[in-house]
Amino acid sequence: MQTREEHTRIADSVDASLYPVAVLIDELRNDDVQLRLNAIKSLGTIATALGQERTREELLPFLQEIIDDDDEVLIALAEQLRQGLPWVGGPQYAYALIGPLEELCNVEEITVRESATESLKILAGHMSSEHISRHFCALISRLATHDWYTSRISVSNLFACALPKVSDTKQEDLLKAYCRLCSDDTPMVRRQAANVLGSVAEVLDDEEMLDELLQAFEKLSQDEQDSVRILAVKNVVALGKLRSASDWHARILPVLKSCAEDKSWRVRYMMADNVKQLCDVFQAKAATAVVPFYLRLLSDQEVEVRMIAAARLAAAAAVNPTKEFLDTLLPSMEKLTMPQEHSQHVRASLAGSFLSLAPIFGTKLTVDHLINVFLLLMRDDTPEVRLKLISTLGELSSVVGIDVLSQSLLPSIKDLGKDRQWRIRLAVIECMPVLAQYLGEVAFTKELSHLFGVWLVDPVFSVRDAAAANFKRLAEVLGQPWSEAHIVPQLQALLTNKNYLYRISSMLCAGTLAEVVSPPFLEKHHVPMVVKMADDPVPNVRVNVAKTMQVVLRHMPGSSAGKDTLMPALRRLVADSDPDVRFFAQRALDESERAA
């Protein structure tokens, strides 16, 4: 490789008008990767200076010679070439850009090949049918018969953009080339051919060609490698969308059966994971041709398959939301609860999706059949299971009545509110506004309001912080009078607590509550509280007092109480001995003065 001094001599020997071009071309051969990368990104400048003819005849062949480079440089080259139509003279010369991109399709790094094939697809969109037949099809033929498997992988992505623009004879040739890739000796080539089968099918109209493609699809679905078979479910969905005719679906659905019974758990996993898409595509036959296979996967021997099947319960239930189907589904679900199911991950997956069944089956079936499974999961030994269940509690609350909530669920919710795992307590707190909405003020206050006093003195800060944030949401749901009667007394009790952490909790609550209550409420309750706490002996408490003062002043502009009572206390904090207290107090004072 040439040295930097040689580069300079080359640049100095050219005409002055081409000096920048010579420097850029020399930098493409430089040892420094960053210089080469910058030169690639400046290809438009080089091409403009050279002109369209010299770009086609000199620059592009030169680029083909420098393909042996770092991946980052090659990716940048592929991205630049997709913008190269103006360099070569427009769409009529788009084929000139194929050369360097073809070389990029042969490299080992997959990201380079993907970028190159994406650029080729963009160029194909600008090329005429004649040029597609002459130049693009020739490119496909070369890549499809190349010795390197990487080239054959790359070419699989190009069939779908070429097929619609060529004659029937050329289409037959291209389809034969594609089918040869489906039977390639290298599994990775067959996998990529299977990966694009749906896009190839979309651009074919001829019945004989579609029949040939279906044969390739059936062969790929029985491939010896599970990395190839795993794509069969995706292709079932893609082919099913093409036509709704029953005879067409009859040819595709047997492959679905083989996927559900495949010896590889990865293939069965894909079947369970895509049950919603399969039910959407095969609506008329979903109840008989899709759901029975899915139900079998709920009892699969592999944990991963049971996990994903449990997570897709709602998709299968939506197909047939009847008591008869629920009776069929319940035994499978009950097997996934303790003690039959030993994997906590499967139970957690079931807990995360179980309550989505409530809106599907309705109030009566939920109360009669699903509540018992819900209570089993609530008593699970694993915190993750209880956490998943609690996080979706809103879906159940919207379906069952207050009586069921009170009798069956609230005892369990109360127990979880005091669970030994703090994340469970946190999840229960997050559900409180939803429960307040469905229970109503009286029932909620009677059954659950006492828990907030427990949460405000929780040993974990995240729980105390969440309780403070939820006071704001509860005030929005239940109204200001409820806040005055049930929140304020709890906050006032904390002001004199010996533990400074709990006094901080009271300030956090006051700050969040201040955002949703009226100025008179603030004057009556908040102002006395924060003024009292401004003299707290602990600096951390005074820091939070300053923050709360800022929020209170923001929501009671022009108030005499703010001016006569809060501001003197705030100015005392500005002169506090602790630097953090002074900082937050000064910030609050500055905001108040700007607002005034």
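From a predicted model like this one, the values you see are computed outputs, not experimental measurements.

The rules we used
- Residues numbered from 1 in each chain as written.
- Predicted model: local features only at pLDDT ≥ 70, side-chain atom pairs only at ≥ 80, totals over all residues.
- Heavy atoms only, no water.
- Core = buried A, V, L, I, M, F, W, Y, C linked by side-chain atoms within 4.5 Å.
- Buried < 20%, exposed > 50% of the residue type's maximum accessible area, 1.4 Å probe, protein only.
- Helix = DSSP H or I, 4+ residues; strand = E, 2+ residues; numbered from the N terminus.
- Contact = heavy atoms within 4.5 Å.
- Phe/Tyr/Trp six-rings, centres within 6.5 Å; stacked < 30°, edge-to-face > 60°.
- Expected span 1.5 Å × (residues − 1).

How do you make sense of the nonpolar core when you look at a structure like this?
Note that soluble globular proteins tend to have their nonpolar side chains buried in a common cluster. Counting 213 residues, the largest nonpolar core has Phe136 and Tyr178 as its most contacted members. Broken down by element, this core gets its largest block of residues, 11 residues, from helix α28 (residues 357–378). Excluding residues that lie within four positions of it along the chain, Tyr178 makes contacts with Phe159, Ala193, Ala194, Val196, Leu197, Val200 and Leu213.

Any chance you could explain helix α18 (residues 232–242) here in plain terms?
One turn of an α-helix holds 3.6 residues; hence residues three or four places apart share an orientation. Counted residue by residue, α18 has 8 buried out of 11 residues, so it is predominantly covered. Among all positions in α18, only Ala232, Val233, Asn235, Val236, Val237, Ala238, Leu239 and Gly240 are buried.

Mind showing me how you'd approach the packing of aromatic side chains here?
Working definition: an aromatic ring pair is given by the centre-to-centre distance plus the angle between the planes. Tallying each qualifying case throughout the model produces 7 aromatic pairs. Each ring, one from Tyr93 and one from Tyr95, has its centre 6.3 Å from the other, and the planes form 45°; the classification is tilted. Taking the relative accessible area as the measure of exposure, Tyr95 reaches 29% and is therefore partly exposed. Between Phe452 and Trp455 the ring centres are 5.0 Å apart and the planes differ by 85°, which places this aromatic pair in the edge-to-face class. Taken as a pair, Phe452 and Trp455 lie in helix α34 (residues 450–456) at a separation of 3 residues, close to a single helical turn. Here the two residues Phe452 and Trp455 agree in accessibility, since each one is buried. Three or more aromatic residues joined by ring pairs form one cluster here, namely Phe452, Trp455 and Phe471.

Quick question: what am I supposed to make of the environment of Ser592 here?
Tracing the chain through its elements places Ser592 in helix α42 (residues 579–595). A sequence separation of 475 residues divides Ser592 from Thr117, and the C-alpha atoms of the two residues are 60 Å apart. Apart from residues no more than four positions distant in its own chain, Ser592 is found in contact with Leu553 and Met567.

Please explain helix α13 (residues 168–182) as it appears in this structure.
With 15 residues, α13 should cover 21 Å at 1.5 Å per step; its first-to-last C-alpha distance of 21 Å lies within 8% of that length. On its buried side, α13 packs onto α10 (129–144), α11 (149–155), α12 (159–162), α14 (187–195), α15 (197–202) and α16 (207–221).

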